[in-house]
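# Structure at a glance
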Amino acid sequence: MALTGRTALLAALGALVVGLLLPSAAGIWLVTGAVLLAVVADLVLAAPVRSLRFGRGGDTTVRLGEPATVELTVTNPSGRPLRALVRDAWAPSAWRPGTAEAASRHTLTVPGGERRRAVTVLTPTRRGDHRSHRVTVRSLGPLGLAARQGSHLVPWTVRALPPFASRKHLPSRLARLRELDGRTSVLTRGQGTEFDSLREYLPGDDVRSIDWRASARRTTVAVRTWRPERDRHILVVLDTGRTSAGRVGDAPRLDASLDAALLLTALATRAGDRVDLLAHDARKRTAVAGCSAHEVLPAFTDAMADLEPALHETDMRSLVSTALKMAPHRSLIVLLTGLDAAPVEDGLRPLLPLLTKRHEVVLASVADPRLDALAAGRGTLEAVYGAAAAEQTRADRRATADRLTRHGVTVLDAPPAQIAPALADTYLALKAAGRL
Amino acid sequence: MTSTVPVPPPVAEAPAGAAPTSLTPTGRGLWRRARWYLAFLAAVLIGATAVAALGQDHSYPPLDPRSYDRDGAHAVVALLERQGLKSEFTTDPTRSPAAPDTLVLPEPDLLSPAQLRAVAAARHRRLVLIAPGPAALTALAPGIRLSEDDGGLPYASVRSTPADCSLPEAVRAGSAHLGGTLYTSGSRGDGCYPRSHGYPLVRIPVGDGDVIVLGSGTFLRNEQLTQDGDASLALGLLGSQPRLTWHLPDYSAPLAENARPRTFTDFIPSDWHWAGYQLAVAAVLAALWRGRRLGPVVAEDLPVVVRASETTEGRARLYRRAKARGRAAEALRRAAAHRLAPALGVPLRSGAPDPDALCAAAADRLPDQPAGDVRALLYGPPPTDDAALLRLADDLDALERQVRNP
């Protein structure tokens, strides 16, 4: 049960009655008794809460940052009309900050035997599954003095998918892809290119691409054209260990990595390549393999939705062996991990020959713009020591990247805003060079 | 945010066997959950009542004639009664005595001026005041004042003191435990047990009786009577008359009636305080209204926030704490050389340019700068103090600027 402000107001007005007419203990008993009697009558006449029936509907997935609407249907099987304040409770991160109070409360009037729908608008601020908590109903009596209150469990889950903010870079990369794809043949030949067609020699073509046999059969000089091979295999490996938990700006490194992986997946799928996903820290967290082209992106976003950085060290040996199992043939392995010296030197470097023996390996790491800000610090002693420490960190990262490059790994180190387009460009460059 | 949409009418009743979603416990569930707590509560209440009923434990204030405690005064009263004295305890000291008697006032300062006047007018044969203040002295023992000369406090610790006077009771008792507040004897008074600048016991004749002013009642306590001449002095002072009246002070009484400031309630017309009580009831109802939540607070596990730059900032603090100027300068110089090399077209060999080639290229680009300066800046000795480190950082910046825009 719950009281309303009217009850308190009524009791306060009763003070006038006590002061003017009945200045005694009996007067207080009389006035308070009358107020309590009205409260009890109101409680008895209010529509029951326990027998209400609820239903749910609406969105089950939403991109992070966009609003999702969830419906709540309230059926009032009793004969009495329900005048109620309803709270549809969700975890705090399911609401846009500051609006939880207003967005979760609904004022409903449901005549006896009918049902009504309330629409709750959620704007999740965290990736992952958001589960509804409980529905609390405060059913007011006809006098508005008191209310019956009770809670129901009406489960519903809204999955907040990664925002894929880098999809704005997709059109420009697709245009570049079309340039090197079959629609525009290239004259350079590499490992991953296949013969496309013969065409007439034009001034400016590389003379090395002239096909002399074909030229001999016809009256003009013919050149061979090539196009990048399609149907290559790409394996995106996400390291969700402790190095991915570090916050860069106001999001963990992992979020930028997910964004980069999604842009690469979207681009590679359009280019006709197959993309698989592996997320691994101390153990395999999730793996998506063998999806057809049109369902791979939804499958990836769904798998990424509830990935959270783990706070322990990544087991690189297990990660590499799982990746090798998922890539039995020559593949492009994109490793989204950190460039910190210790884990790379001790964990990854001894195992790299296993990967680079058969596969093309790209290692992408999210750099911290705060390092640049620190390195630019001058003027005070504190700022200069900060600059020295930042330069030292950057030098360490560079040294690690250099050592990896000597192993034949393509290393990317870019801040969160640029990592996704940089990875897409690297992919396009590798494809154009026929190295896939 | 909130919108309610009526769903088109009649809907199928919720299926009869629908799983109940209500979380509100039923009456039976509440009873099942709460019964052991209620049983425990009942046991505690019963136990507490039993203990309270069995052990009636009164505690009396100090110098209460009914108290058997160490600081009580039952022993002296019992001794006097065994010698045939009649004793009575009163809460009203203003009554006139029927026969010659001794009145003991353990806390004369708690009496109002009117009561003090009444006591003075009641003509007790002997009045014993324990540690009276100026007001009580003026009313009951005129001529005696607190001994405040020499600027010292009118106070001395309680200890065994020789009588040193002609008061018969004191002479008989010899030394006794006296002290506490010190008084002057005045012109007519008879001071005993002299201490530094006053007397803890003064007798002064008033009318046909006398008044005994005591600095402290310690020697009357149960624990004290067996020592020194305390018992003798107590019996002598209190047993001079056939009756003994002992005032039981009302410690809860307000200090002085006319001194009480008028409070807010004095300005409210009578009867309207009942309306105040009714307002209090309304306040309780308002508290219940505001205190009831619409469902519990929803808790959520939040991810740990670890800033990625934390280790770098920690390293900066370590450098500073250890005054690692050499290391810091080395890092800054290496970074500057790494940035200068591509601008000057010097190749990097294992991550760093060749010093000689870099200095030569820089000298070529900046002809007006001595070549030695660039080498000292980039490969010189570590800075010796903080100012040198700050200067080095600024000079490296300046060099980079000059190389890029000569």
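Calculation criteria
- Residues numbered from 1 in each chain as written.
- Chains lettered and ligands numbered in written order.
- Predicted model: local features only at pLDDT ≥ 70, side-chain atom pairs only at ≥ 80, totals over all residues.
- Helix = DSSP H or I, 4+ residues; strand = E, 2+ residues; numbered from the N terminus.
- Buried ≥ 20, exposed ≤ 12 C-beta atoms within 10 Å, placed from the backbone.
- Contact = placed C-beta atoms within 7 Å.
- pLDDT = per-residue confidence, 0-100.
- Pairing = 2+ DSSP bridges.
- Expected span 1.5 Å × (residues − 1).
- Arc of directions from axis to C-beta.
- Core = buried A, V, L, I, M, F, W, Y, C linked by C-beta atoms within 7 Å.
- Nonpolar A, V, L, I, M, F, W, Y, C, P; charged D, E, K, R; others polar.
- Axes fitted to C-alpha atoms, helices over the stretch in contact; angles between N-to-C directions.
- Parallel < 35°, antiparallel > 145°, perpendicular 65-115°, else oblique.
- Left-handed = near helix turned anticlockwise from the far one by under 90°.

### Some words on the overall build of chain B
For chain B, the count of helices and strands is 12 helices and 13 strands. Evaluated residue by residue, chain B yields a buried proportion of 29% over its 406 residues. Taking contacts inside chain B between residues at least 6 apart in sequence as the whole, the part at least 24 apart equals 61%.

### Topic: the overall build of chain A
Across its full length, chain A carries 13 helices and 20 strands. Expressed as a percentage of contacts within chain A between residues at least 6 apart in sequence, the contacts between residues at least 24 apart total 75%.

### Digging into the confidence of the model for chain B
All names here are of chain B. On average, residues of chain B score 84 in pLDDT, and 91% of them reach the 70 mark or higher. Least confident of the elements in chain B is strand S1 (residues 4–6), whose mean pLDDT is 51; most confident is helix H8 (residues 310–321), at 93. Note on residues 7–18: pLDDT under 50 across the span, and 12 contacts to partners over four residues away in sequence or across chains. Interface confidence for the predicted complex, expressed as ipTM, amounts to 0.74; the pTM equals 0.66.

### Concerning the sheet that holds strand S11 (residues 306–307) of chain B
The strand order across the open sheet built from three strands is S15(A)-S14(A)-S11(B), with neighbouring strands paired in mixed fashion. Taken across any chain shown, the strands that pair with only one partner, and hence form the sheet edges, are strand S15 (251–252) of chain A together with S11 of chain B. Both strand S14 (residues 246–248) of chain A and S15 of chain A contribute to a ladder of two bridges, which runs antiparallel. Bridging across to S15 of chain A, Val248 of chain A finds its partner in Ala251 of chain A.

### Observations regarding helix H12 (residues 386–404) of chain B
Residues and elements named next belong to chain B. In this model, H12 (19 residues) spans 28 Å end to end at C-alpha, consistent with the 27 Å of a helix rising 1.5 Å per residue. Of all the residues in H12, the buried ones are Leu389, Leu392, Ala393 and Leu396. Within H12, the buried residues cover an arc of 95° as seen down the axis, which keeps them to one side. Opposite its buried face, H12 presents the exposed residues Ala387, Asp394, Ala398 and Arg401, each directed more than 90 degrees away.

### Some thoughts on unusual backbone geometry
Residues and elements named next belong to chain B. With phi around 55°, Arg123 is a residue other than glycine that occupies positive phi space. Phi at Asp228 is positive, roughly 55°, even though this residue is not glycine. Here Asp228 falls in the partly exposed class, since 19 other C-beta atoms lie within 10 Å of it.

### Section: the nonpolar core
Of all hydrophobic cores here, the largest spans 93 residues; its most connected members are Val236, Val237, Leu264 and Val334 of chain A together with Leu332 of chain B. By residue number, the principal contributor to this core is helix H6 (residues 253–270) of chain A, which donates 11 residues. For Val236 of chain A, the residues in contact, after removing those within four places along its chain, are Ala261, Leu264, Thr265, Val275, Leu277, Val334 and Leu336 of chain A. With 50 residues, the next largest nonpolar core counts Leu63, Ala141, Leu214 and Leu225 of chain B among its residues.

### Examining the pairing of strand S17 (residues 284–288) of chain A
Residue and element names in this part refer to chain A. In this sheet, S17 lies alongside strand S16 (residues 274–280) in antiparallel orientation, the contact comprising four bridges. Among the inter-strand pairings, Leu277 is bridged to a residue of S17, identified as Val288. Taking the residues that link successive antiparallel strands as the turn, the S16-S17 hairpin has three residues.

### Brief notes about the interface of chain B and chain A
A common way to state how big an interface is: give the accessible area lost once the parts meet. With 59 residues of chain B at the contact, the number on the chain A side is 84 residues. Contributions of two or more residues to the side of chain B that touches chain A are made by S1, helix H7 (272–291), S11, H8, helix H9 (325–344) and H12 of chain B. Sorting elements by how many residues they give to the side of chain B that touches chain A places H7 of chain B first, with 12 residues. Broken down by class, the residue content of the side of chain B that touches chain A amounts to 36 nonpolar, 11 polar and 12 charged. Bridge analysis of S14 of chain A against S11 of chain B gives two bridges, and the strand direction is parallel. Bridge assignment links Arg247 of chain A to a residue of S11 of chain B, and that residue is Arg307 of chain B.

### Let's talk about the pairing of strand S10 (residues 243–247) of chain B
Residue and element names in this part refer to chain B. Most of S10 is tucked away, with four of its five residues classed as buried. Pairing analysis gives four bridges linking strand S3 (residues 101–105) to S10, with the strands arranged parallel. Bridge assignment links Val104 to a residue of S10, and that residue is Trp246.

### Re the sheet that holds strand S2 (residues 86–90) of chain B
Residues and elements named next belong to chain B. Judged by pairing direction, the sheet is mixed, and its seven strands sit side by side in the order S2-S10-S3-S4-S9-S8-S7 without closing on themselves. In the strand order of this sheet, the two ends are held by S2 and strand S7 (190–192), each with one partner. Pairs of neighbouring strands in the sheet enclose a mean axial angle of 15°, with direction left out of account. Of the strand pairs in this sheet, S2 and S10 are connected by five bridges, and their pairing is parallel.

### A word on the packing of H6 of chain A against helix H13 (residues 416–432) of chain A
Residue and element names in this part refer to chain A. It is the contact of H6 with H13, at a shortest axis distance of 8 Å, that shows an interaxial angle of 30°. What the angle tells us is that H6 and H13 run roughly parallel. Where H6 crosses over H13, the two elements pack in a sense that is right-handed. Residues Ala256, Asp259, Ala260, Leu263, Leu264, Leu267 and Ala268 of H6 touch H13, and the partners they reach there are Pro416, Ile419, Ala420, Leu423, Ala424 and Tyr427. Residues belonging to the contact of H6 with H13 are distributed by class as follows: 12 nonpolar, no polar and one charged.

### A few points about the packing of helix H10 (residues 355–365) of chain B against helix H11 (residues 371–379) of chain B
All names here are of chain B. Packing of H10 against H11 leaves a shortest axis separation of 9 Å and a crossing angle of 135°. Taken as axis vectors, H10 and H11 run oblique relative to one another. Considering only the axes of H10 and H11, their crossing is right-handed. Each of Pro355, Cys359, Ala362 and Ala363 in H10 lies in contact with H11, whose residues at this interface are Ala371, Val374, Arg375, Leu378 and Tyr379. For the contact of H10 with H11, the residue count by class is eight nonpolar, no polar and one charged.

### A word on H8 of chain B
Taking 1.5 Å of rise per residue, the 12 residues of H8 of chain B would be expected to cover 16 Å, and the 16 Å separating its terminal C-alpha atoms lies within 8% of that figure. All of the buried residues in H8 of chain B are Thr312, Arg315, Ala316 and Tyr319 of chain B. The buried residues of H8 of chain B occupy one face: seen down the axis, they fall within an arc of 105°. When the buried face of H8 of chain B is taken as reference, the exposed residues oriented beyond 90 degrees from it are Glu310, Gly314 and Arg321 of chain B. Tucked into the core, H8 of chain B has its buried residues touching helix H11 (369–375) and helix H12 (381–406) of chain A together with H9 of chain B.

### Considerations on the environment of Gly189 of chain B
Secondary-structure assignment places Gly189 of chain B in the loop between strand S6 (176–181) and S7. The spacing of Gly189 of chain B and Ile204 of chain B is 15 residues in sequence and 4.4 Å in space, taken between C-alpha atoms.

### Regarding the environment of Pro415 of chain A
Residues and elements named next belong to chain A. By secondary structure assignment, the location of Pro415 is in the loop between strand S20 (410–414) and H13. Judged by C-beta crowding, with 17 C-beta atoms within 10 Å, Pro415 ranks as partly exposed. Beyond its immediate stretch of four places on either side in the chain, Pro415 contacts Ala367 and Pro369.

### Thoughts on the environment of Thr60 of chain A
As for its placement among the helices and strands, Thr60 of chain A is situated in the loop between strand S2 (53–58) and strand S3 (61–63). C-alpha separation for the pair Thr60 of chain A and Thr157 of chain A, spaced 97 residues apart in sequence, amounts to 6.2 Å.

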